[in-house]
Structure formats: C-alpha cells, structure tokens
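Single-letter residue listing:
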Amino acid sequence: MSRLPNTFDADQRYPVDLHMHSTASDGALSPTELVALCAARGLTHMSLTDHDTMDGIDEAAHAAQQAGLCLIPGCELSTRWQGVNIHVVALMPGGLQGAMVEGLIQQREARIQRAEVIAERLEKVGLTNALEKARLHAGSDRPLGRPDFARALVEDGVVPDWASAFKRYLGSGKKGDVKAHWPEISQAVSWIVGSGGVAVIAHPLRHGLTRRKRGLLMDTFQAAGGQAAELVSGQQNPDSTRDLARQLVERGLYASMGSDFHFPGSHAAPGSMSLVPRTAAPPIWQHPRLVHLHDAAPGQLAAG
C-alpha cells in the first residue's frame, strides 16, 4: 500500500476518499459494492460516512480487508449553526464507542421525526402518501432522507427529475428542508471528539456562506474541539479552494477530502474530486488520531 505524503506540496490528486455513502443511509451501493468500486478506481484509503449511522461499517471493513484497502470507520452528522444546516464528518478510527453511541440514537430519532414533517409538507404540494412512497425507495427500514423523497417526487410526476425536486422542494430554504431536529454543531463535535474521533466540516463551500460567515463557522467549530475541514469535496472552483485553504491555514485546521459519492452515474464517483492545491494546511492523516493511516494494513484502521 502506498505511503501518503506528509504535506500537500503540489496540485494533485490522491488515492484517498474520506466521504462516501452506501445503502446504510441514502447511497445506491451496498458497503461491499462501494468498497469494490473504490478498489476498481485505484483508491488505497477510504471512509464510509453514511448519514447519522455507522450501520454499514462492519460489512465495509470486511470488504476492505478482502480488497486490500484501508478503511476508516465514519459517519456524517447533521447539525445546526446559526439556523444553517451544517454537516460534520466524524472519522472514528476506534469505531463506534463512547458518546457517539447515544448521539447516533438521538440522530436516528431526529431523522424519523424530520421525515414525518417533510412528508406532511410535501403532501401539501401534491405528493400523496409521501411517507409510504419515500419508504418504497429506501429499500429498508433505515430512517428516510431527502433523496428518498426526491425519488418519490420524480416517480409521482410532481417534478421531472432529481435536480428539480431539490430546486423546488427539498433544497436549502425550501418546504422540505427541515432543520429543527438537529443538534447544535458544538454538541455533535463533542460527541465525536469525546469518542476518540476527528471532527471534519463537510463541504464548507456548499453551505451558501460568505467568506466571513464561513470563518465564523470554523471558529465555533474549532472552539468546540473540531480540528479539520474538507478542503476538497467533489468538484470545486480552484480559486475558491485556494481561498478555503488559506482559511484552514489561518486556524491550523487539518485538510480532508472526499467525493460525497452517493450513486453511480451522478456527478461524483469515488475518488473523483478537484485537485488538492499546494498548501501549508496539514493532511488529515497527519492528525495524531489518524497518523497510522500513512501505512495502515488493509482493513479497518486501528486507533492511533
């Protein structure tokens, strides 16, 4: 397995993807299928970060062992900050433990309550039996997410496609964008850090924040114990990425990366993301809790 660099000293890509989803939340591939795709695309290090659950980690760890990939257990927590829905990736080298156990129970209940509110709102715009129709698309008893409702809206003919579902009903600020059930970001960070994990702000350029507000978010996050942000998430404007890198360097935050992959055929694929720029921001695998990621054996990463 290739050794990862200590610094980002050139604009390039790395065989690392630390933000992906499976059928354990709203992804289209099972954990085993996702690992196989990562291996086929030449990745050496990955994390499965399903929304508010780590239910797919055991299956993914077994598949990673067979495929010769290094897997970091993880998940993506939904949180609130100043009325904005902010996602935080939890990289959990020691697996699910500590305060995260109860935290994920709370998140599951919040997702169930949130789905009921989303369904009620979407029924008012024409999606009859919204909860039942979204459940059909989930394929399991996992808590429903907005993508499940998006598929139901498309199949019912309320909207022509996935993008329209989010643009009209499910995107930020729309009727189906329900935030009230999520914990404050500081609480979520405390769960992660107190359980031996590393908290990472997910796709900080996609929250619709001004540069100043993004800086304030980072300050709140860091004060709560957060230590990293995704410098690259999918495809980004290079100038915006370099500016984000400066904000990370100013605060001494670690830089992570991920595709936010959900399903084949979308704009993202495992390992598919913009170049990581030359920057003094340290790579996430330099964090003391993840340092063994440099040359970890295939399979689940041991705690640092």
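For the structure itself, look to the data block above.
Quick look at the structure, then. Treat the numbers as computed from the prediction; the structure is a model and nothing was measured.

### Some points on helix α7 (residues 185-194)
In an α-helix there are 3.6 residues to a turn, and that puts residues three or four apart on one side. All of the buried residues in α7 are I185, A188, V189, W191 and I192. One side of α7 carries all its buried residues, which in axial view fall inside an arc of 155°. Looking at the buried positions of α7, the neighbouring elements they touch are β3 (70-81), β4 (84-91), α3 (99-123), β5 (198-201) and α8 (211-223).

### Describing the environment of Q247
By the element assignment, Q247 lies in helix α9 (residues 238-251). With 35 residues separating them in the primary sequence, Q247 and R212 have C-alpha atoms 10.0 Å apart. Discounting residues that sit within four places of it in the chain, Q247 has contacts with R211, R214, G215 and M218.

### Regarding the pairing of strand β2 (residues 45-48)
Burial of the side chains of β2 extends over both faces: H45 and S47 are buried on one face and M46 and L48 on the other. Note that the unit made of strand β1 (residues 16-17), helix α1 (residues 31-40) and β2 has a crossover that is right-handed. With four bridges connecting them, β2 and β3 associate as parallel partners. Pairing of H45 across the sheet is with C70, part of β3.

The rules we used
Residues numbered from 1 in each chain as written. Predicted model: local features only at pLDDT ≥ 70, side-chain atom pairs only at ≥ 80, totals over all residues. Heavy atoms only, no water. Buried < 20%, exposed > 50% of the residue type's maximum accessible area, 1.4 Å probe, protein only. Helix = DSSP H or I, 4+ residues; strand = E, 2+ residues; numbered from the N terminus. Arc of directions from axis to C-beta. Contact = heavy atoms within 4.5 Å. Right-handed = clockwise from strand over helix to strand, strands pointing away. Pairing = 2+ DSSP bridges.

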